Amino acid sequence: MSKKVLVSGGAGYIGSHVTVELIAAGYEVVVADNLSNCDLTCFEGVKKITGRDDIPFYQIDCCDYASVDKVFTEHKIDAVIHFAAFKAVGESVAEPIMYYRNNLVSFLNILEVAKNHGGCNVLFSSSATVYGEAEVLPVTEQTPRLPATSPYGNTKQMCEDILRDVVAATAASEGVVKGIALRYFNPIGAHPSALIGELPRGVPNNLVPFITQTAIGKRECLSIFGNDYPTADGTGVRDYIHVVDLAIGHLHALKKVCSGTGLNIYNLGTGNGYSVLEVLRAFEKACGHPIKFEIAPRRPGDIATCFSDPSKAKAE
Ligand code: UFG
């Protein structure tokens, strides 16, 4: 079992929930984050939840090789969970160089430093976005990847391929890198303590933080991007997985990566698709009051429906 885990992007939404579960399961965790899309609120919440005031924190940019190398020099890292990346689809279309540089260079640095320090296990945060608008649903890990519709999606595909090649190339070397790519569907929700959650800087891109901010009056009105999709109610259908369930998936993947050879890929979803209107109605019921919404044009790059077949992760 891996003992010391570096969580890059560990102060962010998914990273903070994973850090909590890792510590609860007895791992030592080192957090690295450049705080580009969050502040220290979640990291402080992690410390409160775990009762641990001594979690090593490095405010570094993983695009800086020397900074990543310093972490590996100061800690014997057994595994890396790599979350540190930009993730706004629309922004990636406008700023492709920024996206390719950030998401690729940071991952290359992690892999190269890991290899040079004797190797380690790597979990890469991939995305259901690699499937695009699949012809057959639900999507399994065998479903062909489609050409990405955004630079963001491209970086996820490219990083999967980079990891696959590095795993193959290092198998017989001294610095063995073993890897798993986890394809997340749509993570939502928060830790039951409510001390950590999804706190993006600026206007949220994603559905659920936009709903929650509208519910508390921070946003005027939710725009539903299109009601003319070929779905039951015309709005987009996604597979929303609770972030704590997703975090626990990482614990299982960490155990799996130690025994695996080659690059292993798992869908992390629930297997159920829900429409935007269904999610909105469920939230209204839970919070007890209506949430203002309007129907807006489709968002460029969006697809109608995507949900997972999660049976591989469940079985293994
Ligand atoms: N949606 C709205 N209004 C909003 C936001 C979203 O109607 O204000 C709709 C979208 O059109 C879509 C659904 O809600 O039908 C979900 O949208 P999200 O933006 O929450 O998530 P996506 O399914 O678009 O996922 C994208 C990428 C993922 C990435 C994820 C997180 O495809 O790879 O955003 O950034 F991981």
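Residues numbered from 1 in each chain as written. Predicted model: local features only at pLDDT ≥ 70, side-chain atom pairs only at ≥ 80, totals over all residues. Heavy atoms only, no water.

Asker: Go over empty space enclosed by the protein, please, and point to the residues and values.
Answerer: As enumerated under the stated definition, the model contains 2 cavities of 30 Å³ or more in all. Space inside the largest cavity adds up to approximately 40 Å³. What lines the largest cavity is K178, G179, I180, K256, V257, G260, T261, G262 and N264. Within the residue set of the lining of the largest cavity, elements represented by two or more residues are β6 (176–184) and α8 (243–259). Broken down by element, the residue count for the lining of the largest cavity peaks at 3 residues, all from β6. Partitioning the lining of the largest cavity into residue classes produces 2 nonpolar, 5 polar and 2 charged. (1 Å grid on protein atoms, 1.4 Å probe; cavity = no way out; pocket = protein on both sides within 12 Å on 5 of 7 lines; lining within 4 Å. Points joined across faces, edges and corners; volume = space filled by probe spheres on them. Helix = DSSP H or I, 4+ residues; strand = E, 2+ residues; numbered from the N terminus. Nonpolar A, V, L, I, M, F, W, Y, C, P; charged D, E, K, R; others polar.)

Asker: Requested: an account of the packing of helix α3 (residues 65–74) against helix α5 (residues 96–116), with residues and values cited.
Answerer: Here α3 crosses α5 at 40 degrees, and the two axes come no closer than 9 Å. Judged by the inter-axis angle, α3 sits oblique to α5. For the crossing formed where α3 meets α5, the hand is right-handed. Two secondary-structure elements touch here, α3 through Y65, V68, D69 and F72 and α5 through N109, I110, E112, V113, A114 and N116. Residue classes in the contact of α3 with α5 are distributed as 6 nonpolar, 2 polar and 2 charged. (Axes fitted to C-alpha atoms, helices over the stretch in contact; angles between N-to-C directions. Parallel < 35°, antiparallel > 145°, perpendicular 65-115°, else oblique. Left-handed = near helix turned anticlockwise from the far one by under 90°. Contact = heavy atoms within 4.5 Å.)

Asker: Give me the lowdown on the pattern of salt bridges, citing residues and values where you can.
Answerer: For the coordinates displayed, the defined rule picks out 16 salt bridges. Between E316 and K256 there is a salt bridge whose closest N-O contact spans 3.3 Å. Linking E316 in the segment after α10 (311–315) with K256 in helix α8, this pair joins segments that are 60 residues apart in sequence. For E316, a relative accessible area of 46% gives the class partly exposed. Taking the relative accessible area as the measure of exposure, K256 reaches 26% and is therefore partly exposed. When salt bridges that share partners are traced, they join R145, E160, D161, R164, D165 and R183 into one network. (Salt bridge = Lys/Arg side-chain N within 4 Å of Asp/Glu carboxyl O. Buried < 20%, exposed > 50% of the residue type's maximum accessible area, 1.4 Å probe, protein only.)

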